[in-house]
Amino acid sequence: MKSFKPKAWFLPQPVVIIGTYNADGTPNAMNAAWCGQWDADQIMISMGEHATTENLNRCPDFTIAFATADTMVGADYVGIVSARTHPHKLNETGWKSVKASNVNAPVFDVFPMAMECRIKEKLYESETGYYIVADIINILCDEKYLATDGKPDVEKMKLITLDPIHNGYIVLGERVGNAYHDGNQLKK
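Conventions and cut-offs
Residues numbered from 1 in each chain as written. Predicted model: local features only at pLDDT ≥ 70, side-chain atom pairs only at ≥ 80, totals over all residues. Heavy atoms only, no water. 1 Å grid on protein atoms, 1.4 Å probe; cavity = no way out; pocket = protein on both sides within 12 Å on 5 of 7 lines; lining within 4 Å. Points joined across faces, edges and corners; volume = space filled by probe spheres on them. Helix = DSSP H or I, 4+ residues; strand = E, 2+ residues; numbered from the N terminus. Nonpolar A, V, L, I, M, F, W, Y, C, P; charged D, E, K, R; others polar. Phe/Tyr/Trp six-rings, centres within 6.5 Å; stacked < 30°, edge-to-face > 60°. Buried < 20%, exposed > 50% of the residue type's maximum accessible area, 1.4 Å probe, protein only. Salt bridge = Lys/Arg side-chain N within 4 Å of Asp/Glu carboxyl O. Pairing = 2+ DSSP bridges. Axes fitted to C-alpha atoms, helices over the stretch in contact; angles between N-to-C directions. Contact = heavy atoms within 4.5 Å. Core = buried A, V, L, I, M, F, W, Y, C linked by side-chain atoms within 4.5 Å.

Draft legend 1. Local environment of the layout of surface pockets. Of the voids in this model, the largest pocket is the one considered here, and its volume is about 520 Å³. Around the largest pocket, the lining comprises 23 residues; the ones closest to its centre are Pro-14, Phe-66, Met-113, Met-115 and Leu-159. Within the residue set of the lining of the largest pocket, elements represented by two or more residues are strand E1 (13–14), strand E4 (35–39), strand E6 (61–66), strand E9 (113–126), helix H4 (154–157) and strand E11 (160–163). Its residues assigned to classes, the lining of the largest pocket comprises 19 nonpolar, 4 polar and no charged. Lining the second largest pocket are 24 residues, and of these Met-30, Asn-31, Ala-32, His-50 and Gly-79 lie nearest its centre. Taken together, the elements giving at least two residues each to the lining of the second largest pocket come down to strand E3 (27–32), helix H1 (51–58), helix H2 (72–80) and strand E12 (168–171). Element by element, the count of residues in the lining of the second largest pocket is highest for E3, at 5 residues. Grouping the amino acids of the lining of the second largest pocket by side-chain chemistry returns 12 nonpolar, 10 polar and 2 charged.

Draft legend 2. Main features of the packing of aromatic side chains. One pass over the full model with this rule turns up 4 aromatic pairs. When the ring of Trp-95 is compared with that of Phe-108, the centres are 5.6 Å apart and the planes differ by 55 degrees; the resulting orientation is tilted. Linking Trp-95 in the loop between helix H3 (90–93) and strand E7 (97–99) with Phe-108 in strand E8 (residues 106–108), this pair joins segments that are 13 residues apart in sequence. Judged by its relative accessible area of 6%, Phe-108 is buried. For the ring pair Tyr-124 and Tyr-131, a centre distance of 6.1 Å and an interplane angle of 90 degrees mean the geometry is edge-to-face. Relative accessible area serves as the criterion here: at 70%, Tyr-124 is assigned to the exposed category.

Draft legend 3. Geometry of the pattern of salt bridges. If you walk through the whole model with that rule in mind, you get 4 salt bridges. Salt-bridge contacts for Asp-70 lead to Lys-158; the nearest nitrogen and oxygen are separated by 3.1 Å. Highlighted residues: Asp-70 in the loop between E6 and H2 and Lys-158 in the loop between H4 and E11, separated in sequence by 88 residues. Residue class for Lys-158 comes out partly exposed when judged on its relative accessible area of 37%. Between Glu-155 and Arg-175 there is a salt bridge, and its shortest N-O distance comes to 3.9 Å. One end of the pair, Glu-155, is in helix H4; the other, Arg-175, is in the segment after E12, and 20 residues separate them in sequence.

Draft legend 4. Representation of the sheet that holds E3 in the model. What the 7 strands build is an open sheet, ordered E3-E2-E6-E9-E10-E5-E4; its pairing is antiparallel. The open sheet terminates on both sides in strands that have one partner only, identified here as E3 and E4. Pairwise comparison of adjacent strand axes, ignoring direction, gives a mean angle of 35 degrees for this sheet. Sheet topology note: the E9/strand E10 (residues 129–141) ladder contains 11 bridges and is antiparallel. When the bridges of E10 are listed, Glu-121 appears paired with Val-133. Relative to the sheet, H1 contacts strand E2 (16–21), E3, strand E5 (42–47), E6, E9 and E10, its axis offset from that of E2 by approximately 50 degrees.

Draft legend 5. Main features of the nonpolar core. One finds Ile-43, Ile-45, Met-47, Phe-62, Ile-64 and Ile-132 to be the most contacted residues of the largest nonpolar core, which totals 23 residues. Listing elements by their share of this core, those giving two or more residues are E2, E3, E5, E6, E9 and E10. If you look at the next biggest cluster of nonpolar residues, it comprises 15 residues, including Ile-17, Ala-65, Leu-90 and Leu-162.

Written out as structure tokens, the structure reads:
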């Protein structure tokens, strides 16, 4: 095996869009990859120095949407263009938003699934950012992405993951097994 120095190569990395409101009340979106599950009903995000970070300092509410193959271009755009220099950058994406039902943050119309969240705790705050631990207040899923059991069908969504090694996006594939079940084949 070849060795590499430590890098941010934890795989897969979800591509999420953080939705907040700017100081003037306009919706803002930011692409973030350093996000994950913290607990059963909490997430964690590593936040750097961004307009979104300033928005979160004003209001602890935000949404998380999961980027897809269909939303990839707009999702990449909101990650490379700052709301500080382009306060109306969402106009370029064509995304529409409505205010979330349970938090003071926008929900964008193009994503199959979104989480309404509220910051519970900020960790290791510095001039350059902090880590967020946030409560998941509610989960929204477009009904066309529901499975026959009424729950979200991840395979239908064409979710993307960040390839931090080669700076690309990869579409997540098909189901290959059943969690908490298939390992039973090895029990004796």
